[in-house]
Amino acid sequence: MIELEFTPHGALPVWGWEIAVYLFLGGLAAGAMILASLTKVTRWFIFVAPLALSVGMLALFIDLESKLHVWRFYTALRITSPMSWGAWILLLIYPATILYGLRPAETLRRLNIALGIALGAYTGVLLATLTARAAWSSLFLAPLFLVSGFSTAAALAMLLPLGEEERQRVRRWDLIAIGAEVVVLGFFFLDLRGGAALFFGGPFTAPFWSLVVIAGLIVPAALELVESRRHIHVAIAPTLILIGGLALRWIFVLAGQTAI
Amino acid sequence: MERSEKFWNPYLAGMALGLVLLATFLIMGKGLGASGAANRIGVFIAERIAPGHVAANPNLASTKGDRASVLDDWLVFEVLGVFLGGALGAVTAGRFGAKIIGAGNISVAARLMFAFGGGVLMGLAARAARGCTSGQALSGGAVLSVGSWIFMLSVFAGGYALAWFMRREWS
Amino acid sequence: MTFPFTELSAAAREGGLIVAVLIGIAFGFVLERAGFGRADKLAAQFYLRDMRVFKVMFTAIVTAMLGLMIASGFGLASLRDLSESIASWTWIWPMLIGGFVLGAGFIISGYCPGTSIVAAASGNIDGAVTVGGVITGTFLYSELLQIPAFQRFHNSGAKGAWFLYDLIKVPPQVLAAAVAVMAILAFIGAEKVEAMLGGQRTAKRVRRFAFATVVALVVVAVVTIAIVPGTAVASQRPSTISASDLARTVIDAPWSVRIIDVRDAAEFARDRIPGAQNIKPESLKDLPDDGRPVVIVGNVRGLPPNARLLAGGMAAWNAEPLVRAMTTGAPPPPPPPAATGVIQKPKKHGGGCSS
């Protein structure tokens, strides 16, 4: 039901959960790449990136009308098309992450950070370039999805068995990411102007503020602060962040298709 | 894993609860609740699995009303908050952790069966009574509804009546 | 804005949903701190070891109840309107039997629906399983309701919006005071039982504080009857009939209702409802009852039993579109769409936890 081909005269297709999952896993992969490169101790975490990306693309692929047309993306690189960039970035990520995981080297590390940022931003840029959609018409969507992706990756890391020191480090990064996410959200809504009405009184107000902000950002941040003070760790904070991240992308995908 | 036994004094906790209840009354003109949300979640899941069946049963289909989603309801959002608040309370008191309570004298399997079975009974009962202890007893009781008080006293009666039979679980 | 929020607009509703989450957080937090996230603490109530459930519940009820009385006493909210919005209607048999079954489920599972959520949020697997059970049970009931006999049970003993102060005809504040006093006596009893069987005692200082606060609230609530006159009477609102309902009755079955106009003769001569009788207010109480329901037009101090007041009086009647259709011969207008921006009438089955 969803065709991912953009034709200049074609109507925008209806986007559903597959796109939301794809964006979520793409953000997670991007965040994993950055997190694994920044904090050397979680280096093995980098394998999450190709894994998440594959599952995400699978979700997308299942939904493609014309599956065979995917190869067309690789016959050229259209500089002005974010989808074209995206296809090539995705291709490069596999070797970059796997090589880095097997043999960490400085250049690979920097490449991973760069690719991670590119991937994270790409998911936001993709939606943001479709300026006809009120909820997507701000380029702040790119840093928003990037920061959110980083936060979800940190959350995933916290669900895995980590040493206490590692955990503290990851937790600190996550708290920074949550704070950054709140700030970027602020800029995003200011830049969005009219479209922001969807989230301030419009139909997406309640799910956005309850699921994404309260359940996905504020409560887990509070829990993490308590955790770091008392040196305990519970699975609920990271779980809430992951759910919040998925909810963020799902709500935005739906909101973008809603007229104000 | 138990870390802390610090619980609030029941009278103070009751007053705090009463104030939350009062705030709900005055700000929203509604009472608290839980079972209404459980019903909606059930319908939501059923809709995903067997939409035809849901449409065929007016008792299920009518839950949605004229809203876009059956989950679009005050109680569902409130229950989300209850979950978050409970987590916050548990974590800050050091009481969070995967555990099973009440499997001291009976097997884990038996405990979980009782948990599920008791839950089913409560689900049925709450629909009949148009509410559970949060909605009917607390909210309805505070506004002195006759049905709520009948319900509340019956709940205690039922609990005490069955207590003897469940004594091994709770001794 | 006066309390409570009503569903005035889509934006307000969305805001209300967010407020719901915040209120839920407070609710869940307090429940957890009260120890209600643990089945053993909850179940102990039914073995008289720890009367915590009783104490918390009734303290909460008394606090909220007295708070409501005080708020309505000072005019912040209409007690009856608010109560009808909060509580569901009364159906005696389902509530009686449902309560018993819920109590049974409570002691079997160790949780009630609300506390099972708190338990699940604390990581209690038994709590999570109970939540699953509750969801299943509510679903099963919808299936059961398809059986006619069950449906009859579900609707049996219907009493509408029925409050204790309707049953025992005293002003609500007095009843609330009595309930509070009974609660305190019950608490004292519970303490004694606990001391005998459970071996715990709440700190004396805290107990005294709690009881003293309740007594103070009771005094304030009762005092509001005295200093804010008419509250006790106002809460027993005269039953009314709307102009549109009366108009339809007059059109469809004018013989079925008895319309008594208590305004003075000059006004009556100028403008009256077809079929109305003009009777002086003083003579109302001597009105013989011919079995028909009575509608009173105009202002009157005390309604006779079973009589209803025309809401808005003659002004509302004249403004009624159906009436204009009657007098001018124009076709009656279609029924109006649901009003927005008006305080919603209490939902058909009341508010509260009803699904």
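So, a few notes on the structure that sits alongside this text. Fair warning: this is a prediction, and the values are worked out from it, not measured in the lab. (Residues numbered from 1 in each chain as written. Chains lettered and ligands numbered in written order. Predicted model: local features only at pLDDT ≥ 70, side-chain atom pairs only at ≥ 80, totals over all residues.)

### Considering the overall build of chain A
Reasoning step 1: Within chain A one finds 8 helices and 0 strands.
Reasoning step 2: Going residue by residue from the N terminus, the α and β elements of chain A occur as α-α-α-α-α-α-α-α.
Reasoning step 3: A burial count over chain A gives 48% of its 260 residues as buried.
Reasoning step 4: Sequence separation of 24 or more characterises 71% of the internal contacts of chain A that already satisfy a separation of 6 or more. (Helix = DSSP H or I, 4+ residues; strand = E, 2+ residues; numbered from the N terminus. Buried ≥ 20, exposed ≤ 12 C-beta atoms within 10 Å, placed from the backbone. Contact = placed C-beta atoms within 7 Å.)

### Quick word on helix H8 (residues 236-256) of chain A
Helical periodicity: at 3.6 residues per turn, an α-helix aligns residues three or four positions apart in one direction.
Reasoning step 1: Relative to the 30 Å expected for 21 residues at 1.5 Å per residue, H8 of chain A spans 30 Å between its end C-alpha atoms, a close match to the ideal helical length.
Reasoning step 2: With 17 of its 21 residues buried, H8 of chain A lies for the most part within the structure. (Expected span 1.5 Å × (residues − 1).)

### Re the environment of Trp 164 of chain B
Residues and elements named next belong to chain B.
Reasoning step 1: Looking at the element boundaries, Trp 164 is found in the loop between helix H8 (146-163) and helix H9 (167-170).
Reasoning step 2: Residue class for Trp 164 comes out exposed when judged on the 10 C-beta atoms lying within 10 Å of it.
Reasoning step 3: Taking C-alpha positions, Trp 164 is 19 Å from Leu 112, a pair spaced 52 residues apart along the chain.

### Considering the interface of chain B and chain A
Reasoning step 1: Listed per partner, the contact involves 9 residues of chain B and 10 residues of chain A.
Reasoning step 2: Residue composition of the side of chain B that touches chain A, by class: 7 nonpolar, 2 polar and no charged. (Nonpolar A, V, L, I, M, F, W, Y, C, P; charged D, E, K, R; others polar.)

### A few points about the nonpolar core
Soluble globular proteins tend to pack their nonpolar side chains together in the buried interior.
Reasoning step 1: Of all hydrophobic cores here, the largest spans 224 residues; its most connected members are Ala 29, Ala 32, Leu 35 and Ala 154 of chain A, Leu 21 of chain B together with Val 30 and Met 65 of chain C.
Reasoning step 2: Per element, the largest residue contribution to this core is 15 residues, and it comes from helix H1 (residues 17-38) of chain A.
Reasoning step 3: Apart from the residues lying within four places of it in its own chain, the contact partners of Leu 21 of chain B are Leu 32, Leu 138, Ser 139 and Ala 142 of chain B together with Ala 60 and Ala 64 of chain C.
Reasoning step 4: In this structure, Val 250, Ile 259, Val 295 and Leu 310 of chain C belong to the second largest nonpolar core, which totals 18 residues. (Core = buried A, V, L, I, M, F, W, Y, C linked by C-beta atoms within 7 Å.)

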